[in-house]
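Listed below are the residues making up each chain.
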Amino acid sequence: MSGPLVLGIESSCDETSVGIVRGTELLANEVASSVELHARFGGVVPEVASRAHLEAMVPTLERALTTADIDLGEVDAIAVTAGPGLMGSLVVGLSAAKALASVLKVPLYGLNHLVGHVAVDILEHGPLPSPVLALLVSGGHTQLLLVRDITSDITEVGTTIDDAAGEAYDKVARLLGLAYPGGPVIDKAAQQGDPKAIAFPRGLTARHDMVKHRFDYSFSGLKTAVARFVERAERDGEPINVPDIAASFQEAVADVLTRKAVDACQEFDIEQMVLGGGVAANSRLRTLMAERCEQAGVQLRRPRPALCTDNGAMIAVLGSQVIEAGRAPSSLQISADSGMPVTQVLA
Amino acid sequence: MSSQSGWVLAIDTASGISIGLAHNGRPVDSRSETSSRKHVEELMPMTDELLNAHDLVARDLSLIGVGIGPGPFTGLRIGIVTARTLGLVAGVAVRGFSSLDAIALAWLTDETRPDGDFVVTADARRKELYWATYNASGARITGPTVSDPSELPELPTGGPGVEVYPEVFAGRVVPGAPRHLDAALAAAMIDRLTDTGLEPAYLRKPDAKVPRTRKSALASNTKLRIAYRQEAR
Ligand SMILES: [Zn+2]
């Protein structure tokens with residue numbers, strides 16, 4: 001028994017990707033990123049991303065088929081990100097998926113991108129335990145999810161009330177005159193800095209915030225604090241120590257992300273946690289989360305960085321799970337849903 | 001000129017959805033949806049239905065033609081990626097044509113055909129029109145371009161753009177001139193339509209500004225500003 005052969009397409013933001021899995025075995029995961037096209041704008045420009053998706057879609061599909069070395073006729077189902085994400089980007093992948101499903105006469109599964117980020121770890125570490133807590137952190141999302149069944153039972157425990165964690169990295173990188181995207185450059189600058197040099201605020205950790213927002217995140221105050229710190233230093237004619245600021249900022253982000261995630265595990269009596277999203281590749285977050293999970297007796301699952309960022313394999317493997325759970329496929333008339341709620345696995 | 005033999009499917013999503021079938025150079029059947037907001041939902045089911053109605057599958061086609069606009073970008077991309085994916089999976093060649101050219105050529109087959117130069121125009125939103133000019137034999141002379149409606153030459157005018165600014169085109173509109181693309185006719189005449197390649201006729205750059213100044217007082221920090229400019233380049 002090897003499970004269904006599923007081709008998954010992802011185009012919700014700035015990566016065009018096609019992944020192919022057989023059950024829980026990864027056969028191909030081709031990604032074309034338009035990140036460089038957005039660098040000079042300091043963030044993803046939707047129209048630029050959409051144009052890049054159209055250019056990359058068919059070549060990426062061809063590459064994935066070559067890598068997986070399968071015949072299209074063997075494919076059992078097409079899985080595709082139906083949302084959430086940028087509308088103009090989503091529809092490119094969804095249209096390609098519909099054409100594939102239609103010609104191949106196989107079922108189409110329109111799936112939730114966020115749930116894909118959780119499901120991808122199955123490719124690396126096998127079936128997900130139930131329940132499992134997922135922390136998704138990237139330029140687009142910061143979410144704590146309680147997952148009882150990856151195909152049908154997902155609850156959002158917490159989310160950011162303002163910026164996504166990755167967005168805060170991008171903004172602080174800009175403040176410090178560093179490149180876009182901010183995650184890797186701040187991580188690198190922080191290696192030479194002192195994480196305790198500056199006590200930046202931890203968003204939504206004050207006692208009164210913990211009532212309503214115990215598991216929610218906020219990064220906009222932190223970003224403002226970094227801006228104020230830099231302004232004051234300039235006004236006072238003090239040198240600006242970029243590594244110290246980067247390390248202290250990164251420490252504040254990692255501290256609050258890990259603290260609330262571990263707290264949620266204890267609150268809901270969950271023994272396993274999975275990380276996902278582009279920021280899950282951040283070195284400090286990975287280390288600190290491993291330490292705190294160990295102290296709390298929580299087992300941590302971290303997919304390799306290439307599977308943490310947006311990719312088609314995560315959609316393909318979620319598709320294979322949904323098929324094995326016997327869920328009905330999507331209609332060929334489904335629309336993309338830029339605001340698809342995380343509680344909805346399948347469109 | 002010989003026509004493309006076999007079955008040809010033409011897809012155009014430059015305004016609404018138009019899909020048409022031709023066989024050995026003769027128009028056979030078409031489907032259309034005037035709403036410009038149903039592309040992602042309806043294009044593939046409508047295409048399936050049209051093929052099914054003639055007992056065809058995509059592999060039976062000898063060519064897929066796709067309109068590359070100009071038109072609203074999201075709709076264009078849906079048409080083009082659908083055509084390209086169908087072509088890849090079914091092993092059928094795909095070629096692009098200008099949506100304005102297809103309307104121009106259709107006009108010349110009609111008894112209302114202009115006997116001199118003429119214009120075909122489509123709505124570009126934002127108070128502008130897409131347009132191109134053609135001579136009496138259907139060759140494109142200028143365009144496609146995008147501009148204020150007042151910049152269009154005073155020539156007989158057809159295409160969906162004339163309905164958007166009736167006051168501008170009073171006196172230039174020929175009764176019976178085509179207002180919409182006929183995809184079955186486009187499929188029938190595919191070999192007379194210039195092969196445009198498969199990139200959408202965007203004609204406009206993406207709306208995006210390179211950030212010049214930062215909100216913080218750091219903008220006064222010359223050294224960092226230079227570093228930032230270098231990054232931004
Ligand atoms: Zn993502």
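About the criteria used
- Residues numbered from 1 in each chain as written.
- Chains lettered and ligands numbered in written order.
- Predicted model: local features only at pLDDT ≥ 70, side-chain atom pairs only at ≥ 80, totals over all residues.
- Heavy atoms only, no water.
- Helix = DSSP H or I, 4+ residues; strand = E, 2+ residues; numbered from the N terminus.
- Rg over C-alpha atoms; globule rule 2.2 N^0.38 Å.
- Contact = heavy atoms within 4.5 Å.
- Areas by Shrake-Rupley, 256 points an atom, 1.4 Å probe, with all protein chains shown as cover.
- Lys, Arg positive; Asp, Glu negative; His and termini not counted.
- Charge placed at Lys NZ, Arg CZ, Asp CG, Glu CD.
- Buried < 20%, exposed > 50% of the residue type's maximum accessible area, 1.4 Å probe, protein only.
- Salt bridge = Lys/Arg side-chain N within 4 Å of Asp/Glu carboxyl O.
- 1 Å grid on protein atoms, 1.4 Å probe; cavity = no way out; pocket = protein on both sides within 12 Å on 5 of 7 lines; lining within 4 Å.
- Points joined across faces, edges and corners; volume = space filled by probe spheres on them.
- Nonpolar A, V, L, I, M, F, W, Y, C, P; charged D, E, K, R; others polar.
- Pairing = 2+ DSSP bridges.
- Axes fitted to C-alpha atoms, helices over the stretch in contact; angles between N-to-C directions.
- Expected span 1.5 Å × (residues − 1).
- pLDDT = per-residue confidence, 0-100.
- Buried area = accessible area lost by both parts, 1.4 Å probe.
- Polar contact = N/O pair within 3.5 Å; in protein donor to acceptor, adjacent residues only side chain to side chain.
- Right-handed = clockwise from strand over helix to strand, strands pointing away.
- Donors = N, O, S within 2.8 Å, 3.2 Å for Na, K, Ca; no water.
- Tetrahedral: all angles 85-135°; square planar, octahedral: opposite > 155°, others 65-115°.
- Core = buried A, V, L, I, M, F, W, Y, C linked by side-chain atoms within 4.5 Å.
- Phe/Tyr/Trp six-rings, centres within 6.5 Å; stacked < 30°, edge-to-face > 60°.
- Lys NZ or Arg CZ within 6 Å of the ring centre and 35° of its normal.

### Notes on the overall build of chain A
Counting its secondary structure elements, chain A contains 13 helices and 10 strands. Taken against the 2.2 N^0.38 rule, which gives 20 Å for 347 residues, the C-alpha radius of gyration of chain A at 20 Å falls within 12% of a compact globule. Counting only C-alpha atoms and orienting by the principal axes, one finds that chain A spans roughly 70 × 45 × 30 Å. In chain A, 75% of the contacts between residues at least 6 apart in sequence involve partners at least 24 apart. For chain A, the accessible area works out to roughly 12700 Å², and carbon and sulfur atoms hold 48% of it. One way to put it: in chain A the 28 positive side-chain charges average out to a point 5 Å from where the 42 negative ones average out.

### Describing the overall build of chain B
Of regular secondary structure, chain B possesses six helices and nine strands. Counting all 233 residues of chain B, 52% fall into the buried class. The contacts in chain B between residues at least 6 apart in sequence include a share of 59% that link residues at least 24 apart. Here chain B displays about 10600 Å² of accessible surface, and carbon together with sulfur accounts for 47% of that area.

### A closer look at the pattern of salt bridges
All names here are of chain A. Tallied over the full model, the rule gives 22 salt bridges over all chains. Notably, a salt bridge pairs Asp121 with Arg301, separated by 2.5 Å at the nearest N-O pair. Of the two residues, Asp121 sits in helix 5 (residues 121-125) while Arg301 sits in strand 10 (residues 299-301), which places them 180 residues apart along the sequence. When its relative accessible area of 0% is taken as the criterion, Asp121 is described as buried. When its relative accessible area of 8% is taken as the criterion, Arg301 is described as buried. In this structure, Arg235 and Asp236 form a salt bridge, with 4.0 Å as the shortest nitrogen-oxygen distance. Each of Asp163, Glu167, Lys171 and Lys223 takes part in salt bridges that share partners, so that together they form one network.

### Details of empty space enclosed by the protein
Tallying each qualifying case throughout the model produces one cavity of 30 Å³ or more. When its volume is computed, the largest cavity comes out at roughly 30 Å³. Lining the largest cavity are Ser95, Lys98 and Ala99 of chain A together with His39, Val40, Leu43, Met44 and Thr82 of chain B. Among the elements of the structure, helix 3 (87-104) of chain A together with helix 1 (39-53) of chain B are those that each provide at least two residues to the lining of the largest cavity. In terms of residues, the lining of the largest cavity owes the most to one element, helix 1 of chain B, which gives four residues. Considering only residue class, the lining of the largest cavity consists of four nonpolar, three polar and one charged.

### Digging into the sheet that holds strand 8 (residues 153-159) of chain A
Residues and elements named next belong to chain A. Strands sit in the order 8-7-6-9-10 across an open sheet of five strands; the sheet is mixed. Of all strands in the sheet, those bounded by a partner on one side alone are strand 8 and strand 10. Adjacent strand axes in the sheet meet at a mean angle of 25° when their direction is disregarded. The strands that helix 10 (residues 242-267) touches are strand 6 (132-137), strand 7 (142-149), strand 8 and strand 9 (272-276); relative to strand 6, the one it contacts most, it runs at about 160°.

### A few points about the layout of surface pockets
Rolled over the atoms, a probe sized like a water molecule indicates the empty space that remains. By volume, the largest pocket is sized at about 1200 Å³. Mapped by element, the contributors of at least two residues to the lining of the largest pocket are strand 3 (25-33), helix 4 (113-119), strand 7, helix 6 (165-175) and helix 7 (182-190) of chain A.

### Focus: the sheet that holds strand 2 (residues 15-22) of chain A
All names here are of chain A. An order of 3-2-1-4-5 is seen for the five strands of this open sheet, with the pairing classed as mixed. Either end of the sheet is taken by a strand with one partner, and the two such strands are strand 3 and strand 5 (108-112). Pairwise comparison of adjacent strand axes, ignoring direction, gives a mean angle of 20° for this sheet. Here strand 4 (residues 77-83) pairs with strand 5 via five bridges, running parallel.

### Some details on helix 2 (residues 73-90) of chain B
With 18 residues, helix 2 of chain B should reach 26 Å at 1.5 Å per residue; the first-to-last C-alpha distance of 25 Å fits that figure. Across the 18 residues of helix 2 of chain B, 15 count as buried, placing the element largely inside the fold.

### Observations regarding the confidence of the model for chain B
Interpretation of this model should avoid reading the predicted coordinates in detail wherever pLDDT is low. Residues and elements named next belong to chain B. For chain B, per-residue confidence averages 89 on the pLDDT scale, and residues scoring 70 or more make up 89% of the total. The low-confidence segment residues 213-233 (pLDDT under 50) makes 33 contacts with residues lying over four places distant or belonging to another chain. For this predicted complex, the interface confidence comes out at an ipTM of 0.94, alongside a pTM of 0.93.

### Description of the interface of chain A and chain B
On the chain B side, the residues contacting the 42 residues of chain A number 45 residues. Across the chain A to chain B interface the summed buried area is about 3700 Å²; carbon plus sulfur atoms make up 67%. Across the chain A-chain B interface, the total number found is one salt bridge. Put simply, Glu47 of chain A and Arg77 of chain B hold a salt bridge, and the shortest N to O gap is 2.9 Å. In this assembly, chain A and chain B are joined by six residue pairs in polar contact (both at pLDDT 80 or more). Listing elements by their share of the side of chain A that touches chain B, those giving two or more residues are helix 2 (46-68), helix 3, helix 6 and helix 9 (220-235) of chain A.

### With respect to the pairing of strand 4 (residues 61-67) of chain B
Strand residues, when the strand is regular, have side chains that alternate between the two faces of the sheet. With six of seven residues buried, strand 4 of chain B is to be regarded as a mostly interior element. Taken together, strand 4 of chain B, helix 2 of chain B and strand 5 (residues 94-97) of chain B form a β-α-β motif whose crossover is right-handed.

### A look at the coordination of the zinc ion
Residue and element names in this part refer to chain A. Every protein donor of the zinc ion is listed here as His113 (NE2), His117 (NE2), His141 (NE2) and Asp310 (OD), and their distances to the metal cover 2.1 to 2.4 Å. Bound by four donor atoms, the zinc ion shows angles of 86 to 156° at the metal and therefore irregular coordination geometry. In the primary sequence, the donor residues of the zinc ion line up as H-x3-H-x23-H-x168-D. A residue pair is termed long-range when its members are at least 10 positions apart, and His141 in the loop between strand 6 and strand 7 and Asp310 in the loop between helix 12 (305-308) and helix 13 (312-324) qualify at 169 residues. We note that His141, like Asp310, is buried.

### Things to note about the nonpolar core
Ranked by size, the top nonpolar core spans 93 residues in total, and within it Leu7, Ile9, Ile20, Ile78 and Leu100 of chain A carry the most contacts. Broken down by element, the residue count for this core peaks at 11 residues, all from helix 3 of chain A. Not counting chain neighbours up to four residues away, the residues in contact with Leu100 of chain A comprise Leu7, Ile9, Leu61, Leu72 and Ile78 of chain A together with Thr85 and Val89 of chain B.

### With respect to the packing of aromatic side chains
One pass over the full model with this rule turns up seven aromatic pairs over all chains. An aromatic cluster of three or more residues is present, and its members are Trp107, Phe118 and Tyr134 of chain B. Taking NZ or CZ as reference, Arg51 of chain A lies 5.0 Å from the ring centre of Phe73 of chain B, over its face. Above the plane of the ring of Tyr202 of chain B lies Arg51 of chain A, whose end atom (NZ or CZ) is 3.7 Å from the centre.

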